[in-house]
Amino acid sequence: YGGMGLDFSYNMAVAEELGNIRCGGIPMAIGVQAGMATPALTRFGSDELKKQFLVPTIAGDFVACLGISEAEAGSDVANIKTKAVRKGNEYVINGGKMWTTSGCQADWMCLLANTSEGPPHRNKSLICLPMNLPGIHVAKKIDKLGMRSSDTAQIFFEDVRVPSKNLIGEEGKGFTYQMLQFQEERLWAVATVLTLLETIIQETIDYTSQRKVFDQSVLHNQAVHFRLAELATEVELLRSLLYRTVALYMEGKDVTKLASMAKLKAGRLAREVCDSCLQFWGGMGFTSEVLVSRAYRDTRLLSIGGGTDETMLSIICKYMGTLPSQ
């Protein structure tokens, strides 16, 4: 379908390199295209769907977006309300999506919708939805704290008709397919932040070695260079966790727990590194002229998007058997 036929480890190599881009929005947009909106289509879609949607997406002719989150259902995917009702050889879609990355410019959406009235984990389906159909309304581009180079849309659907052949895989399997997509999404997020955090630490070393306070460099203070050493160690530990998780994923193992741990640690470590380093930049760190201030805003999303820290903790607890019985 136009790809190079490489395995998932190459996605991670690319993601880690994209951390050299001095913002979070571009790696995130590429990640949506390569690791969030398309894995289910690649795994479970029909040959016809792949030719229609996957081929131009791989070629870069189409922009894809992922329609999961809603105003009342972010990390709680099972609680989405958007419906796709089967009528003849079509689905009629009503509802809306929120926080949709690239939604203002997307050519198609990988849409998760309720296709039956059954149990919430077995009544959902993924559908390839062209974004130029009548009844699709991109309400607004959301103004955000960070990731400002990435458009994030609020979208409504009003009696949108899409061919039933646009269904990805089997009806009712959408929740399961989406959970598989989430694992790749979360690993991508971890990989993209590693190089950025290393850059922040190195630029902080360079700046504090030149900045003088009380006739000595800021870096000369033990509290500063010890703290930077601690942060560099934490980043390297996160990289090791990512590499182990990817290796197990490549072996076909269930890495839900480890991927959730890595995503949790990445979000928290990004906050820790950016906050600590910004402090060492002093007043300059509070300006828009330096990378650390942008990273401080951009990486804050890591603890929210793709599953909040609290969601990651709940998943980890489930796998550890520490959640109280329902």
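What you are looking at is a predicted structure, and each value in this text was computed from that prediction instead of being measured. (Residues numbered from 1 in each chain as written. Predicted model: local features only at pLDDT ≥ 70, side-chain atom pairs only at ≥ 80, totals over all residues. Heavy atoms only, no water.)

Here's the deal with unusual backbone geometry
Residues apart from glycine generally show negative phi values, whereas peptide bonds are mostly found in trans. For M147, which is not a glycine, the phi torsion comes out positive at approximately 50 degrees. Considering the arrangement of structural elements, one finds M147 in the loop between β6 (136-141) and β7 (152-163). Look at D159: it is not a glycine, yet its phi comes out positive at around 50 degrees. (Helix = DSSP H or I, 4+ residues; strand = E, 2+ residues; numbered from the N terminus.)

Some points on the UniProt feature "domain: Acyl-CoA oxidase/dehydrogenase middle" (unreviewed entry) in the protein chain
UniProt marks residues 65-160 with the feature "domain: Acyl-CoA oxidase/dehydrogenase middle" (unreviewed entry), using the numbering shown here. Helix and strand shares over residues 65-160 are 0% and 51% respectively, and the end C-alpha atoms of the span are 17 Å apart. (UniProt positions renumbered as here; feature names shortened; annotations may be inferred.)

Observations regarding the UniProt feature "domain: Acyl-CoA dehydrogenase/oxidase N-terminal" (unreviewed entry) in the protein chain
Residues annotated in UniProt with the feature "domain: Acyl-CoA dehydrogenase/oxidase N-terminal" (unreviewed entry) correspond here to residues 1-61. Helix and strand shares over residues 1-61 are 69% and 0% respectively, and the end C-alpha atoms of the span are 13 Å apart.

A closer look at the nonpolar core
With 66 residues, the main nonpolar core has M12, L41, I168, L197, L242, V273 and C277 as its most contacted residues. Ranked by the residues each element gives to this core, the list is headed by helix α5 (residues 174-210), at 14 residues. In terms of domain composition, this core takes at least three residues from each of domain 1 (37-170) and domain 2 (176-320). By size, the runner-up hydrophobic cluster in this structure holds 18 residues, among which are C65, I93, L111 and I127. (Core = buried A, V, L, I, M, F, W, Y, C linked by side-chain atoms within 4.5 Å. Buried < 20%, exposed > 50% of the residue type's maximum accessible area, 1.4 Å probe, protein only. Domains from an automatic or database assignment.)

Some points on the packing of aromatic side chains
Applying the stated criterion across every chain yields a total of four aromatic pairs. Taking 5.0 Å as the distance between ring centres and 70 degrees as the angle between the ring planes, the aromatic pair formed by F8 and Y249 counts as edge-to-face. Highlighted residues: F8 in helix α1 (residues 8-18) and Y249 in helix α6 (residues 222-250), separated in sequence by 241 residues. Since its relative accessible area comes to 17%, Y249 is described here as buried. When the ring of Y207 is compared with that of W281, the centres are 4.1 Å apart and the planes differ by 5 degrees; the resulting orientation is stacked. Here Y207 is found in helix α5, whereas its partner W281 is found in helix α7 (residues 256-281), with 74 residues between them in sequence. (Phe/Tyr/Trp six-rings, centres within 6.5 Å; stacked < 30°, edge-to-face > 60°.)

Describing the layout of surface pockets
Considered as a void within the structure, the second largest pocket measures approximately 830 Å³ in volume. Together, 23 residues line the second largest pocket, and G3, L6, N11, A34 and I58 are the ones closest to its centre. Broken down by secondary-structure element, the contributors of at least two residues to the lining of the second largest pocket are α1, α2 (25-36), α3 (39-44), α4 (47-59) and α5. (1 Å grid on protein atoms, 1.4 Å probe; cavity = no way out; pocket = protein on both sides within 12 Å on 5 of 7 lines; lining within 4 Å. Points joined across faces, edges and corners; volume = space filled by probe spheres on them.)

Comments concerning the environment of L167
By the secondary structure assignment, L167 is in strand β8 (residues 167-168). For L167, a relative accessible area of 14% corresponds to the buried category. As for L167 and V246, which are separated by 79 residues in sequence, their C-alpha atoms are 29 Å apart.

Side note on the pattern of salt bridges
Going through the model one piece at a time under the given rule, you end up with 20 salt bridges. For K97, the salt bridge identified is with E70, shortest N-O distance 2.9 Å. Taken together, the residues K97 in strand β3 (residues 90-101) and E70 in the loop between β1 (64-67) and β2 (83-87) connect sequence positions 27 residues apart. Where R148 meets D143, a salt bridge forms, and the shortest distance between an N and an O atom there is 3.2 Å. Of the residues examined, D143 reaches a relative accessible area of 65% and is grouped as exposed. Taken together, the shared-partner salt bridges in this structure form one network comprising E16, E198, E236 and R239. (Salt bridge = Lys/Arg side-chain N within 4 Å of Asp/Glu carboxyl O.)

Some thoughts on the environment of T176
Structurally, T176 is set in helix α5. In sequence terms T176 and K124 are 52 residues apart; their C-alpha atoms lie 8.8 Å from each other.

Considering the side chain of T256
Topologically, T256 is positioned in helix α7. With a relative accessible area of 14%, T256 lands in the buried category. Within the structure, T256 has its side chain in polar contact with the side chain of Y319 (distance 3.4 Å). If we ignore the near neighbours within four places in the chain, the residues touching T256 are Q183, I315 and Y319. (Polar contact = N/O pair within 3.5 Å; in protein donor to acceptor, adjacent residues only side chain to side chain. Contact = heavy atoms within 4.5 Å.)

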